[in-house]
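Working through the structure, step by step
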Amino acid sequence: MFGLNKIIPVEPNFNFLGLRRNFLIVSVIAILISIGLLSIKGLNLGIDFKGGTLIEVSTKNTSIGELREILSSSYSDVSLQEFGSENIILIRLQNKSNQESIETVNSVKSLIQDKVVEFRRSEFVGPTISSELLFRGFQAVSFALIAILIYIWLRFEWQFGFGAVVALTHDVLFTLGLLSILNIEFSLATIAAILTIAGYSINDTVVIFDRVRENLRKYKKLELVDLFNLSVNNTLSRTIMTSLTTLLALVSLFIFGGEVIRPFALTMIIGVIIGTYSSVFIAVPTLLIFKFRPQDEDD
Amino acid sequence: MKNYPIWKSLTVLSLVLLGIIFAIPSIIYDENSENWFLKNKINLGLDLQGGSYLLLEVQLDVLYKEELENFADSVRLISRDNATKIEKIVIEENEVIVTFTDNNKIKEIRDSFFQMYRGVTLKINNNKLNIKLNDEYKKIIQDSAIKQSLEIVRKRIDESGTKEPLIQRSGKKRILLQLPGVKDPERIKDLLGKTAKLTFHIVDDENTSALQNNLTPFGKIIVSDIYDENIKYLLEKRSVVGGENLVDAKGSFDQTEGHAVSFRFDTEGAQKFGKVTTNNIGKRMAVLLDGVVITAPRINSAITGGSGIITGNFNAQEAADLAVLLRAGALPAPLEIVEERSVGAGLGADSIAAGQIAAIIGMVLVCVFMILIYGIFGALANISLIVNLFIIISLLGTIGATLTLPGIAGIVLTIGMAVDANVLIFERIKEESSKQKKIYQIVKNGFDRAMSTILDANITTLIAAVLLFAFGSGPIRGFSITLSLGVIASMFTALMLTNFLVYLYLSFANKKELNL
């Protein structure tokens with residue numbers, strides 16, 4: 001019909017593996033920077049994981065400065081932020097104990113009552129809960145990685161599982177590093193985003209690995225580097241196509257989905273790009289460490 | 001249709017039809033419909049419809065401490081019966097250590113104690129008796145406290161007039177509350193913030209030196225006034241009668257005292273109350289709520305009717321709420337709010353609107369893109385994509401899943417990822433067409449070859465989604481549900497519906513060549 005797919009050659013023949021050393025250096029540097037950032041700067045933890053109180057209000061003819069003035073006279077640790085539009089303001093407070101927080105919400109509300117049109121939401125997470133949520137988040141991510149590793153191991157050879165997990169760990173660390181540098185809030189939704197990125201990235205990797213396995217059977221004499229290159233090229237248009245449609249949906253979510261969902265959408269956009277990159281430039285080259293040949297295959 | 005069995009067409013078409021039909025209730029979304037069919041709609045999560053989520057923790061430590069004090073009191077009584085003197089009693093975190101002046105009757109004391117509290121760990125060490133609150137004993141206390149608390153919380157919430165609350169145990173010592181439509185949970189929090197332990201005690205106004213020196217004689221307690229901490233009362237520790245003997249309580253208005261709570265005792269309570277008031281005319285009777293005195297009127301005459309009023313500086317709402325608390329009964333231990341999330345209806349409506357726009361625009365973008373790239377085949381994939389969306393909605397509706405804001409994000413994400421299976425198939429068909437001449441063979445090979453890749457790729461995503469559900473909480477679960485359903489639905493639509501549509505197209509267009 002329109003035939004725009006002709007832009008991508010039907011049988012592309014890019015030498016992806018030839019570039020592997022350059023990209024490996026790029027990735028290693030990125031990961032080192034990410035680890036450095038995570039240990040020095042850390043993540044911008046939201047109240048889910050830090051505990052505290054959050055109140056979202058819509059105001060009438062009141063500037064954020066006015067509200068800040070009213071509240072900072074009573075609270076030293078209050079922070080205010082415009083949220084999507086000028087008259088929607090997010091108020092954050094750190095609280096020590098559970099009891100204190102309940103009182104805080106009430107007193108904040110009464111202090112700014114007459115400046116506010118609507119209290120859109122209020123959230124409070126106690127210190128015990130926030131540490132539990134953090135623990136469970138880590139648990140979910142680690143179990144997911146292990147389960148995926150086991151699945152790939154069963155379906156492919158263990159070398160593939162290794163390659164996939166190297167790529168996944170790369171994606172998670174890289175994404176966390178970017179979250180840290182961009183100061184994007186790390187919340188429960190971010191954990192969901194990271195797990196989805198893991199799912200997406202592995203999805204991408206599996207499609208290429210599937211082709212590697214098939215080609216290992218088909219071309220028994222081909223050099224491994226060439227065989228891997230061929231496999232990446234075979235699946236290239238699919239890789240690009242799926243990333244683009246996913247990114248289209250995510251960009252739409254980022255722009256139109258509302259303020260609350262924006263950090264999630266942004267994290268996913270970052271993750272999808274990194275995940276696509278890593279499938280081609282990390283997962284596949286990792287397989288080169290192993291000297292496996294078709295005779296290892298089970299058919 | 002050529003090369004396509006009729007039974008397969010019928011299966012695909014009927015599944016598609018079911019998917020569309022069962023999406024109708026959620027699309028119409030008649031909130032109050034009682035119609036059996038229209039009731040199968042998506043439940044909106046609190047973040048979309050507005051409401052409050054509260055997580056309460058039962059303060060078990062208070063109960064353990066109480067039980068340890070009971071141990072100490074019982075040991076005192078038992079040793080008195082056994083004519084043994086106690087040198088000292090030390091209450092520690094998990095045990096009571098009683099030191100006797102001699103160890104002549106320590107075994108008898110231990111045995112009588114064990115009769116009263118089976119399950120505790122008792123150890124004798126010369127003239128010391130260790131009473132330990134062990135883990136099994138704690139678990140019994142814990143379970144019964146949570147059960148009781150759940151019941152009381154349910155009663156209180158019901159009395160407050162909240163519609164369709166969800167109240168359930170969460171983990172070992174927590175209670176989870178979902179209150180749809182409750183915009184401002186302050187009143188609910190007030191209702192739950194009180195233990196509401198009501199007791200009546202005789203006031204000792206004679207022993208004035210005890211109050212002055214702040215020394216509590218055995219069998220007495222010193223408590224403060226609810227309105228002024230500096231006003232102290234010396235009361236008999238033993239209560240005359242307690243809230244558990246109440247059968248009714250309601251807010252009332254008294255000409256001289258203002259708003260009050262009138263109450264009625266059951267037969268047992270009325271008898272006890274009658275007896276004590278008869279014997280103590282002229283003394284004062286303190287009404288204690290959660291350890292503070294609300295009021296302490298003088299007993300002018302015997303009260304044998306079994307009913308009375310509690311006065312205080314109440315306003316109408318306070319009197320009504322106190323009545324609710326008294327009717328529902330006392331909590332075994334205080335509840336602490338450890339997590340709270342409240343969303344106003346305005347934000348919820350905004351989120352739904354934004355989610356819908358994002359979904360529609362994402363959908364249009366993906367559809368346009370697919371047509372640009374794959375032409376007529378892209379259009380076929382788009383039909384699958386739309387049906388896919390219907391199936392997700394109908395599955396959510398029929399299993400009664402709750403749609404949350406992250407859930408909407410999951411749907412939008414699925415729109416982008418769902419075409420993946422179609423893309424895999426089309427790319428395979430493209431490859432096959434360079435090796436084959438027969439058009440149906442090309443299509444068949446394309447689908448067959450793509451199948452295992454599609455399965456592998458989607459199962460890994462499903463693993464991530466299932467683990468998200470298992471370890472995630474609240475809103476995250478909503479996301480994992482829509483993501484899982486989306487993945488499952490997209491496998492069906494790609495492998496069956498797109499397949500069907502491609503064959504349908506080929507047989508009608510009578511193509512000799514694929515222009516993919």
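What follows concerns the interface of chain A and chain B. Every contact between the two is made by 63 residues of chain A and, on the other side, 63 residues of chain B. Elements that contribute at least two residues to the side of chain A that touches chain B include exactly α4 (98–112), β5 (116–125), α5 (127–155), α7 (188–218), α8 (224–256) and α9 (262–287) of chain A. Where β5 of chain A meets strand β18 (residues 335–343) of chain B, five bridges bridge the pair, whose relative direction is antiparallel. Within β18 of chain B, the position partnered with Arg 121 of chain A by the bridge is Val 343 of chain B.

Note: interface size is frequently given as the accessible area lost on complex formation between the parts. Once the domains are mapped, chain B shows domain 1 (6–47 + 348–509), domain 2 (61–138) and domain 3 (197–330). Between the C-alpha centres of domain 1 of chain B and domain 3 of chain B there is a distance of 65 Å.

Here Glu 66 of chain A is to be found in helix α3 (residues 64–72). Along the primary structure Glu 66 of chain A and Val 26 of chain A are separated by 40 residues, whereas in three dimensions their C-alpha atoms are 47 Å apart.

With that out of the way, let us pick up the environment of Lys 220 of chain B. Residues and elements named next belong to chain B. In this fold, Lys 220 is placed in strand β10 (residues 220–224). Along the sequence, Lys 220 and Asp 204 sit 16 residues apart, while their C-alpha atoms lie 8.6 Å from each other. The contact partners of Lys 220, leaving out residues within four places of it in the chain, are Asp 204, Ala 210, Leu 234, Leu 235, Glu 236 and Lys 237.

This brings us to the sheet that holds strand β5 (residues 121–125) of chain B. All names here are of chain B. Taken in spatial order, the four strands of this open sheet run β3-β4-β6-β5, and their pairing is antiparallel. Of all the strands in the sheet, just β3 (86–91) and β5 have a single pairing partner and so form its edges. Strand-to-strand twist of the sheet, defined as the mean angle between neighbouring strand axes without regard to direction, takes the value 15 degrees. Summarising the sheet, strand β4 (residues 95–100) and strand β6 (residues 128–132) pair through five bridges and their orientation is antiparallel. Each residue of the ladder has a partner; that of Val 96, found in β6, is Ile 131. Contacts between helix α4 (residues 60–81) and the sheet are confined to β3, β4 and β6, with β3 contributing the most and set at about 170 degrees to the helix. Against the sheet, helix α5 (residues 106–116) makes contact with β4, β5 and β6, and its axis sits at roughly 175 degrees relative to β5, the strand it touches most.

With 30 residues, helix α11 (residues 345–374) of chain B ought to run about 44 Å at 1.5 Å a step, and its terminal C-alpha atoms sit 43 Å apart, in line with that. Positive phi appears at Gly 375 of chain B, one or two residues downstream of α11 of chain B, with a value of about 60 degrees.

To continue, consider the nonpolar core. Of all hydrophobic cores here, the largest spans 208 residues; its most connected members are Ala 144, Leu 195 and Ala 198 of chain A together with Val 412, Ile 415 and Leu 468 of chain B. For this core, the element with the highest residue contribution is α7 of chain A, accounting for 17 residues. When near neighbours in sequence (up to four residues on either side) are disregarded, Leu 195 of chain A contacts Ala 140, Val 141 and Ala 144 of chain A together with Ala 464 and Leu 468 of chain B. In terms of nonpolar packing, the next biggest core, distinct from the first, is built from eleven residues, Phe 71, Ile 78, Val 96 and Phe 100 of chain B among them.

Turning our attention to the domain arrangement of chain A. With domains assigned, chain A is organised as domain 1 (14–45 + 129–296) and domain 2 (52–125). The gap between the C-alpha centroids of domain 1 of chain A and domain 2 of chain A is 39 Å.

A few words now on the sheet that holds β18 of chain B. The eight strands lie next to each other as β3(A)-β4(A)-β2(A)-β5(A)-β18(B)-β2(B)-β8(B)-β7(B), forming an open sheet whose pairing is antiparallel. The open sheet has two edge strands with one neighbour each: β3 (79–83) of chain A together with β7 (166–170) of chain B. Between one strand axis and the next, the sheet turns through 20 degrees on average, direction left out of account. Pairing of strand β2 (residues 51–58) of chain B with strand β8 (residues 174–180) of chain B involves seven bridges; the strand directions are antiparallel.

Another aspect to go through is the pairing of β5 of chain B. Residue and element names in this part refer to chain B. The pairing of β5 with β6 spans five bridges and is classified as antiparallel. Paired with Ile 124 across the strands is Leu 129, a residue of β6. Connecting β5 to the antiparallel partner β6 that follows it, the hairpin turn spans two residues, and Asn 126 within it adopts a positive phi of roughly 55 degrees.

Calculation criteria
Residues numbered from 1 in each chain as written. Chains lettered and ligands numbered in written order. Predicted model: local features only at pLDDT ≥ 70, side-chain atom pairs only at ≥ 80, totals over all residues. Contact = placed C-beta atoms within 7 Å. Helix = DSSP H or I, 4+ residues; strand = E, 2+ residues; numbered from the N terminus. Pairing = 2+ DSSP bridges. Domains from an automatic or database assignment. Axes fitted to C-alpha atoms, helices over the stretch in contact; angles between N-to-C directions. Expected span 1.5 Å × (residues − 1). Core = buried A, V, L, I, M, F, W, Y, C linked by C-beta atoms within 7 Å. Buried ≥ 20, exposed ≤ 12 C-beta atoms within 10 Å, placed from the backbone.

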